[in-house]
Structures are given as C-alpha cells and as structure tokens.
Amino acid sequence: RLKLLWKRIFDDLVNASSSMACRRQQQQMPFSSQNQIDTLDDSTKFEKEYRGLPNDRAVQIYVTTIDERQSRELFAYIKKLHSTAAMNGEALRKLVKKFDKGASARGDDLLTATLFPELYSACFMAYQSLEIYIDIMRDSLVVSEDEEE
C-alpha cells in the first residue's frame, strides 16, 4: 500500500503539471512558435522541479498543487495506513512478548531475538515515517476534529 501511496502522489503531480501546461498552451495563440517554446519551458521546469524530489517535499507540493478534496482524501488514506500498520506492528510485538513470557517454563526458545529483527525491518513498520507526512498535511490543511479520528 505504501508503494501505491507514492504512485498516487507522483502521478497526481505529473498530471497536474501537464494540465497546467495544457491550459497555458490553450490560452496562447494556437499557431505561435512561442507557444511551442513555452510548452518546452513548462516541461523543463517540471523536470527540474520534480526530478529526485524528496518524499516530504512531494507531500508539501501535493497539498499546495492538488485540489483540496484530493488532498483531504490523501490525508485520510495516509492516516488509515498509519493506523493499520501501527496496530499490526503492536499486535505482533505483543504476541512475541506473550510467547516469550512462558517460553522458559515450557522449555521453548525465546522468539524475541529471532522475530524482532524481522518485525522491525518489515515494510509495514514504515508507519513511523508516515507521521511526518501526516504532520505536513495537517499543517497545510485546516483539519477538523472528525478528520483527526
């Protein structure tokens, strides 16, 4: 899901940039050579602005470029993703802890040393980095109490 999140962000940014360039082109004279130069300038500007864009900056640009409805949808999606990943990570951590609590009495090996490195390096544990993007979006959008839950 995290990959889909970033795909959506960058796809929307590319589409928004293309739309802006097309609107600019339509506003100018259709057969003007200046029109072709401006279109090239827009695509060059896009390439310079978005090439190698850090993910936190991509979220900031998304919120300021894309309409508010889509930004709010993305905010809700990131919050849901964060919540789900945090709950799953915590549930797995507690399962290992509970198993290890009675492991020595049962004569079993402790799982902490084996499973925690796997757990903490799992892709769904990237939820902690999502907190940064939630904060960025919260600062840019006026967020109601209902949206926070």
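Scroll up to find the structure.
First, a word on scope: everything that follows refers to the structure included in this document. Numbering of residues begins from 1 in every chain and follows the order in which that chain's sequence is written. Side-chain atom pairs in this predicted model are given and counted only at pLDDT of 80 or more, local residue features only at pLDDT of at least 70, and totals for whole chains, interfaces and linings cover all residues. The basis for every side-chain value is the complete set of heavy atoms in the structure, and neither hydrogens nor water enter the calculation.

## With respect to the pattern of salt bridges
Moving on, step 1. Put simply, a salt bridge is a Lys or Arg side-chain nitrogen that is within 4 Å of an Asp or Glu carboxyl oxygen. Overall, the coordinates contain eight salt bridges when judged by the stated rule.
Moving on, step 2. Here aspartate 135 ties to arginine 138 by a salt bridge, and the two come within 2.8 Å at their closest N and O atoms. With aspartate 135 and arginine 138 both in helix H6 (residues 127-140) and three residues apart, the pair spans about one turn of that helix.
Moving on, step 3. Note on classification: 1.4 Å probe, protein chains only; a residue is buried when its accessible area is under 20% of the maximum for its type, exposed when over 50%, partly exposed between these limits. Judged by its relative accessible area of 28%, arginine 138 falls in the partly exposed class. Think of it this way: any DSSP run of H or I at least four residues long counts as a helix, any run of E at least two long counts as a strand, and we number them from the N terminus.

## So, a positive patch on the surface
Moving on, step 1. Together, Lys94, Lys97, Lys98 and Lys101 make up a region of like positive charge exposed at the surface.
Moving on, step 2. Looking at the element boundaries, lysine 94 is found in helix H4 (residues 68-106).
Moving on, step 3. The exposure class of lysine 94 is partly exposed, given its relative accessible area of 48%. For patches, a residue must show more than 30% relative accessible area and have no salt bridge; joins then use 9 Å for like charges and 5 Å for nonpolar side chains, namely Val, Leu, Ile, Met, Phe, Trp and Tyr. Computed with the Shrake-Rupley method and a 1.4 Å probe, the accessible areas treat only the protein chains shown as cover for residues. Residues scored as charged are limited to Lys and Arg (positive) and Asp and Glu (negative), so that His and the chain ends carry no count. Where a charge lies is defined by one atom per residue type: Lys uses NZ, Arg uses CZ, Asp uses CG and Glu uses CD.

## Thoughts on the nonpolar core
Moving on, step 1. Ranked by size, the top nonpolar core spans 29 residues in total, and within it Leu5, Ile9, Leu13, Ile78 and Met137 carry the most contacts.
Moving on, step 2. The criterion used for residue contact is that any of the two residues' heavy atoms lie within 4.5 Å. Ignoring anything within four residues of it in the chain, the contact list for isoleucine 9 reads Ala58, Val59, Tyr62 and Leu74. The term nonpolar core refers to a set of buried residues drawn from Ala, Val, Leu, Ile, Met, Phe, Trp, Tyr and Cys, joined through side-chain atoms within 4.5 Å.

## What about the packing of aromatic side chains?
Moving on, step 1. Here is the rule: rings of Phe, Tyr and Trp (six-membered ring for Trp) pair when centre to centre is within 6.5 Å. Planes less than 30 degrees apart are stacked, more than 60 are edge-to-face, and the remainder are tilted. In this structure the tally under the stated criterion is three aromatic pairs.
Moving on, step 2. Between tryptophan 6 and tyrosine 133 the ring centres are 5.1 Å apart and the planes differ by 85°, which places this aromatic pair in the edge-to-face class. Within this pair, whereas tryptophan 6 is found in helix H1 (residues 2-27), its partner tyrosine 133 is found in helix H6, the two being separated by 127 residues in sequence. Each member of the pair, tryptophan 6 as well as tyrosine 133, is classed as buried.
Moving on, step 3. Within the aromatic cluster, the residues linked to one another by ring pairs are Trp6, Phe10 and Tyr133.

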